[in-house]
Amino acid sequence: MPSARIYRPAKDPTQSGLARTKQWVLEFDQTEPRETDPLMGWTGSSDMLQQVRLEFDTAEEAVAYAQSTGIAYRVEETPPPIARKGLSYSDNFKFNRTAPWTH
């Protein structure tokens, strides 16, 4: 019986947008170890479920799917994103700076 984890992906650290962070993802756990091809050095596995990634609008939909298909699952909650204070480049040159000039 396959097992899977249900989670919401974190924001991509190299991008400023929040694309692909609102969906819930169901990914299957690894059941067989990965093997290295001796000739080419590629890593692979005969476990085809590692390639499956299902996306759902809510965690409840993902849990309902896992229960209806008999998949053992675990739900991993992600912490809420930290709100950043918006700064502009001109704030570095204001006369009423609270921090001393460091350059």
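Check the entry above for the structure.
Per-chain numbering applies: the sequence of each chain, read as written, is numbered from 1 onward. The predicted origin of the model limits local features to residues at a pLDDT of at least 70 and limits the giving and counting of side-chain atom pairs to 80 or more, whereas totals for whole chains, interfaces and linings rest on all residues. Remark: hydrogens and water are excluded; side-chain values derive from all non-hydrogen atoms of the structure.

**Notes on the pattern of salt bridges**
As a reminder of what qualifies: Take a side-chain nitrogen of Lys or Arg and a carboxyl oxygen of Asp or Glu: if they are within 4 Å of each other, that pair is a salt bridge. Counting from the N terminus, the helices are the DSSP runs of H or I reaching at least four residues and the strands are the DSSP runs of E reaching at least two.
A complete count under the given rule lists 7 salt bridges for this structure. Put simply, Glu-27 and Arg-5 hold a salt bridge, and the shortest N to O gap is 3.8 Å. Within this pair, whereas Glu-27 is found in strand β2 (residues 24-28), its partner Arg-5 is found in strand β1 (residues 3-7), the two being separated by 22 residues in sequence. A salt bridge links Asp-29 to Arg-74; the nearest nitrogen and oxygen atoms lie 2.9 Å apart. Taken together, the residues Asp-29 in the loop between β2 and β3 (35-36) and Arg-74 in strand β6 (residues 72-76) connect sequence positions 45 residues apart. Bridged by salt links that share partners, the residues Arg-5, Arg-20, Glu-27, Asp-29, Arg-53, Glu-55, Arg-74 and Glu-76 form one connected network.

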